[in-house]
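Results of the structural survey
Here are the chains, one letter per residue:
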Amino acid sequence: MDDPATIGRRVQRLRTQRGLTQRQLAEPSYTPAYISTLESGKVRPSETALRFLAERLGTSYEELATGRPAHLATELRLALTDAHQQLATGTADEAAVRYRRVLADAEHLGLVPEQAEALLGLGDCALETGQLVDAGHHFQAAERLLAEEPLPRRARAIRGRAVAHLLAGELRYACYLLESTIDELGASGLADPEALVILYAAVIGPYIDMGAHARAAHAAELALALAPQVDDPALVAGMHRQVARTFLAEGRTADADASLAKAQAIYQQLSLCTDLAHCHWMRGYVHAQNGELAAAEKELRAARDMLNAKRAALFTAQVEVELADVLRRLGRHGEASDLLSAFLELGDRHGAVHAGGAHRLLGLIAEERGDSETAEEHYVMALGLLERSGASGDLADLCRLLGDLLRRGGRTEAALDAYRTGLGHRSPPGTTTLGPAPTALAFPRH
């Protein structure tokens, strides 16, 4: 809303153009004296007053309050909807072009909510294409624009920033962002169900990677309990996809597959291609953990093809690491090695967790080929990457592999050091290095 003096001049100009006296404009709800005071800029009109005056003057509330024709804001919101649809069903690059146009127009018109929404969209596009630094910048800019808004309005920006850190291998910081926001929501009394589903679903991933399975399970339970209060089906589907990871960590493969089937049905209905690809990805992972390698390969290839079609480079490469593991277990070492080598050529764009996983797999392949020296090199590189990320469960397993390799080579002391390192990274269930878990929130029964 503009300052009182500007609004006052605008009301006076429109009243004069329409040939109305102050009394004619004011009645029956206000007095001529109030209109005189308003037009002189000595009072800030309430929204109720401006809506009444806008109707009397034959204009819109928005145009009277800001000087902007209402249709401009509507057109921008339509453009935002088109960009959202493009991101859901097309490619991130094409969606980013639309979001940038909206951002430029919103900045020109001074429409802060539309600017923030465009920045959130650009952040999501950058996540899909693996531009993690850009993604973080976009989400931070959206947070700054929404700084005066209630915390639930900032949940998507915080979640996006946390995912960028997660994909970069910074698991502890991702957990910190999400956990502290959950706690702040509880302390502020703003326990918004949709914001909490966004945050709880996002924190499951880093919890699983850090070996904090009890925390992941608790977050999943809370997200599922809140789901009936959330109207956005895409958000509920995303929650089911993340909850499946928790079921899988607990060995409940049937429950995991059921959750993924629910998510997949919703995404098919909404034609959200990227999230549907993530469902195929997770189902492939479930099949692989269950020893169903042919089914796993089929699901992972479907996920890779869908993500590749959307030019989601980062997610495509990460799926290929898991596909490579399936191919290795099927004895197709050459195909697996080719996929992993291509992944590592991306450099620092892929995140430490998956890079560590790629080196671990290349080490296993080298061991199976009898090349102990190359296997050790890959295990040591993986160890450095995973230590940086804080992926405790993966670290413990890797140290076991390295220790076994060194022990078989007669290097007993080095093997013991590797085993000790692994034991040091075995976190008790449900713990992280961040201290207490977020405070559980109480919700009214419906």
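Here the structure is a predicted model, which means the values were calculated and not measured.

Here is what the cut-offs are and how they apply
All residue numbers here refer to positions counted from 1 along the written sequence of the relevant chain. The predicted nature of this model means local features are confined to residues of pLDDT at least 70 and side-chain atom pairs, given and counted, to a pLDDT of 80 or more, with totals for whole chains, interfaces and linings taken over all residues. Side-chain measures were taken over the full set of non-hydrogen atoms in the model, leaving aside hydrogen atoms and water. For helices the rule is a DSSP run of H or I covering at least 4 residues; for strands it is a run of E covering at least 2, with both sets numbered from the N terminus onward. Note on contacts: a residue pair is in contact if any heavy atoms of the two residues lie within 4.5 Å. With residues, only the protein chains shown are counted as cover, and all accessible areas are computed by Shrake-Rupley using a 1.4 Å probe. UniProt positions are given in the numbering used here, feature names are shortened, and annotations may be inferred rather than shown by experiment. Expected span, for any helix, means 1.5 Å times one less than how many residues it has. Each residue is placed in one exposure class: buried if its accessible area under a 1.4 Å probe, protein chains only, is under 20% of its type's maximum, exposed if it is over 50%, and partly exposed if it falls in between. Each axis is a line fitted through C-alpha atoms, taken for helices only over the stretch in contact, and angles between the N-to-C directions span 0 to 180 degrees. Relative orientations are named as follows: roughly parallel for angles under 35 degrees, roughly antiparallel for angles over 145 degrees, roughly perpendicular for angles from 65 to 115 degrees, and oblique for any other angle. If you view the pair so one helix is near and one far, a crossing is left-handed when the near helix is turned anticlockwise from the far one by less than a right angle, and right-handed when it is turned clockwise. Here the term charged refers only to Asp, Glu, Lys and Arg, the term nonpolar to Ala, Val, Leu, Ile, Met, Phe, Trp, Tyr, Cys and Pro, and the term polar to all other amino acids, Gly among them. Stacked, edge-to-face and tilted labels apply to pairs of Phe, Tyr and Trp rings (six-membered ring for Trp) whose centres lie within 6.5 Å, assigned for plane angles under 30 degrees, over 60, and everything in between, in that order. Counting as a charge over the ring demands two things of the Lys NZ or Arg CZ atom: a distance within 6 Å of the ring centre and an angle within 35 degrees of the ring normal. Take the buried residues of types Ala, Val, Leu, Ile, Met, Phe, Trp, Tyr and Cys, join any two whose side-chain atoms come within 4.5 Å, and each joined set is a nonpolar core.

**Topic: the overall build of the chain**
Looking only at helices and strands, one finds 23 helices and 0 strands in the chain. Taking all contacts inside the chain whose residues are at least 6 apart in sequence as the whole, residues at least 24 apart take part in 60%. Total accessible area computed for the chain in this model is approximately 20,200 Å², and 51% of it derives from carbon and sulfur atoms.

**A word on the UniProt feature "coiled-coil region" (unreviewed entry) in the chain**
Mapped onto this numbering, the UniProt entry annotates "coiled-coil region" (unreviewed entry) at residues 286–313. With 79% helix and 0% strand, the stretch residues 286–313 has end C-alpha atoms that lie 23 Å from each other.

**As for helix α14 (residues 233–249)**
Here α14 is 17 residues long and its end C-alpha atoms lie 25 Å apart, about the 24 Å a rise of 1.5 Å per residue gives. Most of α14 is tucked away: 14 of the 17 residues are buried. The positive-phi residue at the C-terminal boundary of α14 is Gly251, with phi of around 80°.

**Re the packing of helix α10 (residues 151–167) against helix α12 (residues 193–209)**
With their axes 9 Å apart at the nearest point, α10 and α12 run at an angle of 15° to one another. What the angle tells us is that α10 and α12 run roughly parallel. In this structure, α10 meets α12 at a crossing whose hand is left-handed. Of the residues in α12, those in contact with Pro152, Ala155, Arg156, Arg159 and Leu166 of α10 are Ala195, Ile198, Leu199, Ala202, Pro206 and Asp209. Residues belonging to the contact of α10 with α12 are distributed by class as follows: 8 nonpolar, no polar and 3 charged.

**Some words on the packing of helix α18 (residues 313–329) against helix α19 (residues 333–344)**
The interhelical angle for the contact between α18 and α19, taken along N-to-C directions, is 160°, at an axis separation of 8 Å. The pairing of α18 with α19 is recorded here as roughly antiparallel in orientation. Classified by chirality, the crossing of α19 by α18 is left-handed. Two secondary-structure elements touch here, α18 through Ala317, Gln318, Glu320, Val321, Leu323, Ala324, Leu327 and Arg328 and α19 through His333, Glu335, Ala336, Leu339, Leu340 and Phe343. The residue makeup of the contact of α18 with α19, split by class, is 9 nonpolar, 2 polar and 3 charged.

**Details of the packing of aromatic side chains**
Counted under the stated rule, the structure contains 3 aromatic pairs. Relative to Tyr34, the ring of Tyr30 has its centre 5.1 Å away and its plane inclined at 20°; by these criteria the two rings are stacked. With a centroid separation of 5.3 Å and an interplanar angle of 55°, the aromatic rings of Tyr30 and Phe52 are classed as tilted. Here Tyr30 is found in the loop between α2 (22–26) and α3 (32–39), whereas its partner Phe52 is found in helix α4 (residues 47–57), with 22 residues between them in sequence. Put simply, the rings of Tyr30, Tyr34 and Phe52 touch in pairs and so form one group of aromatic residues. Sitting above the plane of the Tyr61 ring, Arg51 keeps its charged end 4.0 Å from the centroid.

**A few points about the nonpolar core**
By size, the foremost hydrophobic cluster in this structure holds 74 residues, and its most contacted members are Tyr99, Leu127, Leu340 and Tyr379. For this core, the element with the highest residue contribution is α18, accounting for 9 residues. Dropping the residues within four chain positions of it, Tyr379 is found in contact with Arg360, Gly363, Leu364, Glu367, Leu398, Leu401, Leu402 and Leu405. Among the nonpolar cores identified, the runner-up in size contains 46 residues, and Ala162, Leu178, Ala195 and Ala223 belong to it.

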